[in-house]
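Report on the structure
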Amino acid sequence: SILFLFLSGLFARSRNDTKTYAEKTFKRLLLPYIVFVLIDTLIYALDEAIIIKNHTFVVKGGLDIRELLISLFKVLAGVQRTFLNVPLWFLFSLFLIRFLYYSICKFKKPVSAGVISFITVSGFAFLLIKDNINLPANDNYYLTALVGFSYYALGDLFKKPIKEVCERIDKNRTRILLLI
């Protein structure tokens, strides 16, 4: 998960238009999260409520719709894990990370915002890890985003140096091949 967050920051493109950025981020991250959480909840509810006996559906009972809806709301709000599809934490957390990072970069230069963000969030992350809060296994996606934010910021900070190294390698590729 750390690598994915770093790569997300590395390949993130800056957007000047806030409305366009918000729409694209919502469509690419939050909308799939919502759809997959609803599918996840439906599968869980069907599994809890119905069994198949002799090719017919039999209602098991015992499914509390009220509790299911409360849990669904908690999952959509990012404070409880999904029932079955646990990796969905990444979409929600990346949405939060991108929104926070974009907001900070709007007020500061991206490099200084990245450094300030990295140092601050890394400090909070250290405190969480020190207190043995397991992330991303933690049910609260906000805490997961807080820790992941530093890796995203690092990816964004290393974007230019990595690009320069790749360009140098690309220029020297012919020379290297000739030596071989």
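The text that follows walks through the structure, step by step, so that each part is easy to find. Remember, predicted model here, so these are calculated numbers, not experimental data. (Residues numbered from 1 in each chain as written. Predicted model: local features only at pLDDT ≥ 70, side-chain atom pairs only at ≥ 80, totals over all residues. Heavy atoms only, no water.)

Turning our attention to the overall build of the protein. Of regular secondary structure, the protein possesses seven helices and two strands. Taking all 180 residues of the protein together, the buried fraction comes to 31%. The contacts of the protein with a sequence gap of at least 6 include a subset with a gap of at least 24, amounting to 71%. Of the roughly 12,200 Å² that the protein leaves accessible, carbon and sulfur atoms contribute 67%. (Helix = DSSP H or I, 4+ residues; strand = E, 2+ residues; numbered from the N terminus. Buried < 20%, exposed > 50% of the residue type's maximum accessible area, 1.4 Å probe, protein only. Contact = heavy atoms within 4.5 Å. Areas by Shrake-Rupley, 256 points an atom, 1.4 Å probe, with all protein chains shown as cover.)

Here we take up the side chain of Thr41. In this structure, Thr41 sits in helix α2 (residues 18-49). Note on Thr41: relative accessible area 6%, which makes it buried. In this structure the side chain of Thr41 is engaged in a polar contact, spanning 2.8 Å, whose partner is the backbone oxygen of Val37. (Polar contact = N/O pair within 3.5 Å; in protein donor to acceptor, adjacent residues only side chain to side chain.)

Grouped together as the largest cluster of nonpolar side chains are 24 residues, with contacts concentrated most on Tyr33, Val37, Phe92, Leu94, Ile97, Tyr101 and Tyr152. Elements with a minimum of two residues in this core: α2, α3 (65-77), α4 (89-107) and α6 (141-157). (Core = buried A, V, L, I, M, F, W, Y, C linked by side-chain atoms within 4.5 Å.)

For any pair of aromatic rings, the description consists of the separation of the ring centres together with the inter-plane angle of the planes. For the structure on display, the rule yields seven aromatic pairs. Ring geometry for Phe4 versus Phe90: centroids 6.1 Å apart, planes at 70°, classification edge-to-face. Of this pair, Phe4 sits in helix α1 (residues 2-11) while Phe90 is found in helix α4, placing the two residues 86 residues apart along the sequence. Both rings, one in Phe6 and one in Phe158, keep their centres 6.5 Å apart while their planes meet at 50°; by these two values the pair is tilted. With a gap of 152 residues between them, Phe6 in helix α1 and Phe158 in the loop between α6 and α7 (159-179) connect regions that are remote in the sequence. (Phe/Tyr/Trp six-rings, centres within 6.5 Å; stacked < 30°, edge-to-face > 60°.)

What follows deals with the packing of α2 against α3. Taken N-terminus to C-terminus, the directions of α2 and α3 make an angle of 155°; their axes are 10 Å apart at the nearest point. Taken together, the axes of α2 and α3 lie roughly antiparallel to each other. Handedness of the α2/α3 crossing: right-handed. Facing α2, whose interface residues are Tyr33, Ile34, Val37, Leu38, Thr41, Tyr44 and Ala45, α3 presents Leu68, Leu72, Val75 and Leu76. (Axes fitted to C-alpha atoms, helices over the stretch in contact; angles between N-to-C directions. Parallel < 35°, antiparallel > 145°, perpendicular 65-115°, else oblique. Left-handed = near helix turned anticlockwise from the far one by under 90°.)

This paragraph deals with the pattern of salt bridges. In total, this model carries one salt bridge according to the counting rule given. In this structure, Asp156 engages Lys159 in a salt bridge whose closest nitrogen and oxygen atoms are separated by 3.0 Å. Taking relative accessible area as the criterion, Asp156 reaches 18% and is therefore assigned buried. Here Lys159 falls in the partly exposed class, since its relative accessible area comes to 28%. (Salt bridge = Lys/Arg side-chain N within 4 Å of Asp/Glu carboxyl O.)

On the surface, a cluster of positive charge is made up of Arg13, Lys24, Lys27 and Arg28. Within the element layout of this structure, Arg28 appears in helix α2. The class of Arg28 is partly exposed, set by a relative accessible area of 46%. (Patch = residues over 30% accessible without salt bridge, like charges linked within 9 Å, V, L, I, M, F, W, Y side chains within 5 Å. Lys, Arg positive; Asp, Glu negative; His and termini not counted. Charge placed at Lys NZ, Arg CZ, Asp CG, Glu CD.)

Turning to α2, a few remarks are in order. Relative to the 46 Å expected for 32 residues at 1.5 Å per residue, α2 spans 44 Å between its end C-alpha atoms, a close match to the ideal helical length. Of all the bends in α2, the greatest, near 40°, is centred on Phe26. For α2, the full list of buried residues reads Tyr21, Thr25, Leu29, Leu30, Tyr33, Val37, Asp40, Thr41, Ala45 and Ala49. (Expected span 1.5 Å × (residues − 1). Bend = angle between axes of the 7 residues up to and from the residue.)

What follows is about the packing of α4 against α6. Relative orientation of the contacting elements α4 and α6 amounts to 60°, with a least axis distance of 8 Å. Relative to α6, α4 is oriented oblique. Judged by the twist between their axes, the crossing of α4 over α6 is right-handed. Contact residues: Trp89, Phe92, Ser93, Leu94, Leu96, Ile97, Arg98, Leu100, Tyr101 and Ile104 in α4; Tyr141, Tyr142, Thr144, Ala145, Gly148, Phe149, Tyr152, Ala153 and Asp156 in α6. For the contact of α4 with α6, the class distribution of residues is 14 nonpolar, three polar and two charged. (Nonpolar A, V, L, I, M, F, W, Y, C, P; charged D, E, K, R; others polar.)

Taken by themselves, the reported measurements are silent on function.
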